[in-house]
Every structure is written in structure tokens, then in C-alpha cells.
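Spelled out from the first residue to the last, the chains are:
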Amino acid sequence: MWCVMGEILFSKLSLDCEDEDFDFDEEEENNTVVVSGATYTEMQCYIKAIEVDPLCAEAWYKIGNHHSSEDPISLNGKSYTSKDCFVQALEIDPRNDTYWSSLALEISVKESVTVSGICYTRKLCYERAVECNANNCNAWHMLGATLQCSGDSVTMIGDRSYTAQQCYIQSLEIDEEQGGVWRSLLGDKDVHGGGGGGMTMPVTINGVSYNRKQCCLRAIQYSSWDAEAWLHLGVEVVKSGDTHVVVHEDNDGGGETVSPGDDGTSYTPQECYIKSLNCWESGEAWRALAATLSSSPPGDTVTVADSKDQSISYTNEGCLRKAEECDKKKAIQSSSNSDADK
């Protein structure tokens, strides 16, 4: 019952119960329940559930999911981090795909955890998630992302081997309305440097074939503020030899047309790169934008809005300087992330 009350507080629903004397405070800032005169928050309800029944897997999961701090939480005289809580939940219910996915998110790239005497890496956790529930589209996506970072393939569900791309396809065949997964098919955003692990040939999803440009359009259809999708789209338009592309952000088919008078908004490659920068600044997008000015007369500029929505004009050289600034910030962030993963 305590776990149920915690879930009710989270969803702000109401519950009738004849076994306990309790009342819910529905005020947003006082999301609590009073039981036999004592007031409990959502987290305290889950903690109480563990105290009453240490084998309540859902309560362990909820505590791990809502305990955002790295500081351990005390339960029944022991300290537990979020990761520890997910492990506890899985040792009680090892067939729960959501628990495996949540544990994977808590594990760094080089780390492993032990569940019921077996060591699991992040990749193995996502494998277990899709083995437990082959329709978990998010687990398929994250497994693909994990594989893309390592360049490995994985064998699961019988004898079938899955690459990162095949994981993304599995995810999209379950739910096509995932902009991030369509973009993941494209690979890393270093679009001019080669590599990146992205698709090189058209892919078939639910019986329909998609090339890279069409995947960009599907990504933008469901996530119009995806900076990498806009960057890739600009590059693909250049590669195709077209001068522009018409984007249908609400088009169920996610296709593209270049016919005059069609619905949708027309974008040149330069406008795609500007759109990418409006979503998120990257060195790759600034360099791509600079390339559009490289054959222009000296002094030609392009206008990009800054973080304060003020329009600033940039020459080719100005774009390249901005790219260097972004690269330096990215290097610092990457170094920080690497230290955190050690």
C-alpha cells in the first residue's frame, strides 16, 4: 500500500482506502499524504514500503528513480545509491526491462555492476532489457547508441547478431515517432571527417526504404529542434546536388518534395546550418556554414542569432573562429566526461 500511495502522490490522483486513516494534500508545493496523523512525502512512502516489505521491487525502483543525488540514502540501517536501489529491484524481479534500462543509465562506460552474482556492463544491461521485453523501443535505441560508441556487435535473442544500426531499426519499427532515433541512424555529427558509424546505404523500416536525407527529415518531423539532424540535412542536400529542401515538420510520411508551391518550408543548406546553430552551437555547424561562404566574394556575410536572439553577421573567417571556440568548449567537456567515467 505504501508504494501505491507514493505513486499516487507522484501522479496527484486520489485513493480511497478503508484500512488506514490518511488524507492527501493536493497543493502543488505540499504533495504529501497524512497517515494516522503523520505526514509523508512521495519518497517517504517508498521508504516506508521498503521498511514494511524489503522485497517490494517497485519501491526499490521508485527510490532509485527519484533519488537524484549521489549521496546514499539510508534504508533499514544500510546506505544505498540510486544504482544500489536498481540492483536491489533486479535481484527481486530480474525480468523487468525498465529496471535493467534504469540501471544501465547509472553505469559509466568502463564500469560494471554485480546483480545476483553476475557482472553486467552498460551494454549487457540493455541486452537484458530487450531480452526481457523485445518491444522496449528505448532500450533498443540505447543499446544501439552503446554499440555505436564501441563499434561492437551484439548477439542476443536466439542466435541473431545486431549492429547499432539494426538496433535503431528495431526501435523505429516499434515506434516510428522518435526523432532522436532517426537522427541516431545518421551517425556522429562530425559529418565532414568521415567515420561516425552512421548509415551508408538506405535502410528499410516497416517496409519503407529511407536514404540519409529522408532520415534527416523524419528526425526533424518529430524533433524540430535537433541540431544534429539539421546539420546532417544541410550536408545531404549539398551531396544530392539540390539547392534546397522542403521540410514538412507535421507530415506523417516525413518525406520531402522540391516542387514549387508545395506545403512546408524551403531551406537551403546554409539555412539548415543556421537552423542547427539556433538549436545548439557546434564547431561542425560553424564550419559547414563557413563553407557556404568560401566561394562568395570577400566580405560576404551570413546572419546568425546569438543566445540573446540578437542578429550578428559573420564572414567566412568569423564562422571559422566560432568553430574553434566551440571545439575548445567541446574538448573541455569531453575531458570532464572522461574523468567522470574513470
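Conventions we followed
- Residues numbered from 1 in each chain as written.
- Predicted model: local features only at pLDDT ≥ 70, side-chain atom pairs only at ≥ 80, totals over all residues.
- Heavy atoms only, no water.
- Salt bridge = Lys/Arg side-chain N within 4 Å of Asp/Glu carboxyl O.
- Helix = DSSP H or I, 4+ residues; strand = E, 2+ residues; numbered from the N terminus.
- Buried < 20%, exposed > 50% of the residue type's maximum accessible area, 1.4 Å probe, protein only.
- 1 Å grid on protein atoms, 1.4 Å probe; cavity = no way out; pocket = protein on both sides within 12 Å on 5 of 7 lines; lining within 4 Å.
- Points joined across faces, edges and corners; volume = space filled by probe spheres on them.
- Nonpolar A, V, L, I, M, F, W, Y, C, P; charged D, E, K, R; others polar.
- Core = buried A, V, L, I, M, F, W, Y, C linked by side-chain atoms within 4.5 Å.
- Contact = heavy atoms within 4.5 Å.
- Phe/Tyr/Trp six-rings, centres within 6.5 Å; stacked < 30°, edge-to-face > 60°.
- Lys NZ or Arg CZ within 6 Å of the ring centre and 35° of its normal.
- Pairing = 2+ DSSP bridges.

Participant: Quick one: what's the story with the pattern of salt bridges, residue by residue and with numbers?
Facilitator: For the structure shown, the criterion picks out 12 salt bridges. Its salt-bridge partner being Lys213, residue Asp242 comes within 2.9 Å of it at the nearest N-O pair. Placement of the pair is Asp242 in the loop between α11 (227-240) and β12 (245-247) and Lys213 in helix α10 (residues 212-222), with a sequence separation of 29 residues. Note on Asp242: relative accessible area 32%, which makes it partly exposed. Lys213 gets classed as buried once you look at its relative accessible area, which sits at 9%. A salt bridge links Glu236 to Lys239; the nearest nitrogen and oxygen atoms lie 3.7 Å apart. With a gap of three residues between them, Glu236 and Lys239 both fall in helix α11, about one helical turn apart. Salt bridges linked by common partners bring Arg212, Glu236 and Lys239 together as one network.

Participant: Would you mind going over the layout of surface pockets in detail, with residue names and values included?
Facilitator: Here the largest pocket defines a volume of roughly 610 Å³. Those elements that place two or more of their residues in the lining of the largest pocket are α5 (97-105), α6 (122-132), α7 (137-150) and α9 (179-184). In terms of residue count, α7 provides more of the lining of the largest pocket than any other element does, seven residues in total. Of the residues assigned to the lining of the largest pocket, the class counts are eight nonpolar, seven polar and seven charged.

Participant: Please set out the nonpolar core residue by residue, giving values where relevant.
Facilitator: Ile63, Trp100, Leu103, Leu185 and Leu233 are the most contacted members of the largest nonpolar core, which totals 66 residues. For Trp100, the contacting residues outside a window of four places in its chain are Leu90, Pro94, Val115, Tyr120, Cys125, Arg128, Ala129 and Cys132. Membership of the second largest hydrophobic core comes to 17 residues, among which are Leu277, Ala285, Trp286 and Cys326.

Participant: Describe the packing of aromatic side chains, with residues and values.
Facilitator: For the structure shown, the criterion picks out eight aromatic pairs. Joined through ring pairs, the aromatic side chains of Tyr61, Phe86 and Tyr99 make up one cluster. Lying over the aromatic face of Trp225, Lys275 brings its terminal NZ or CZ to 5.2 Å of the ring centre.

Participant: Summarise the pairing of strand β7 (residues 118-121); cite the residues concerned and give the values.
Facilitator: Of the pairings in the sheet, the one linking strand β6 (residues 112-115) to β7 comprises four bridges and is antiparallel in character. When the sheet's bridge partners are listed, Ser112 is paired in β7 with Thr121.

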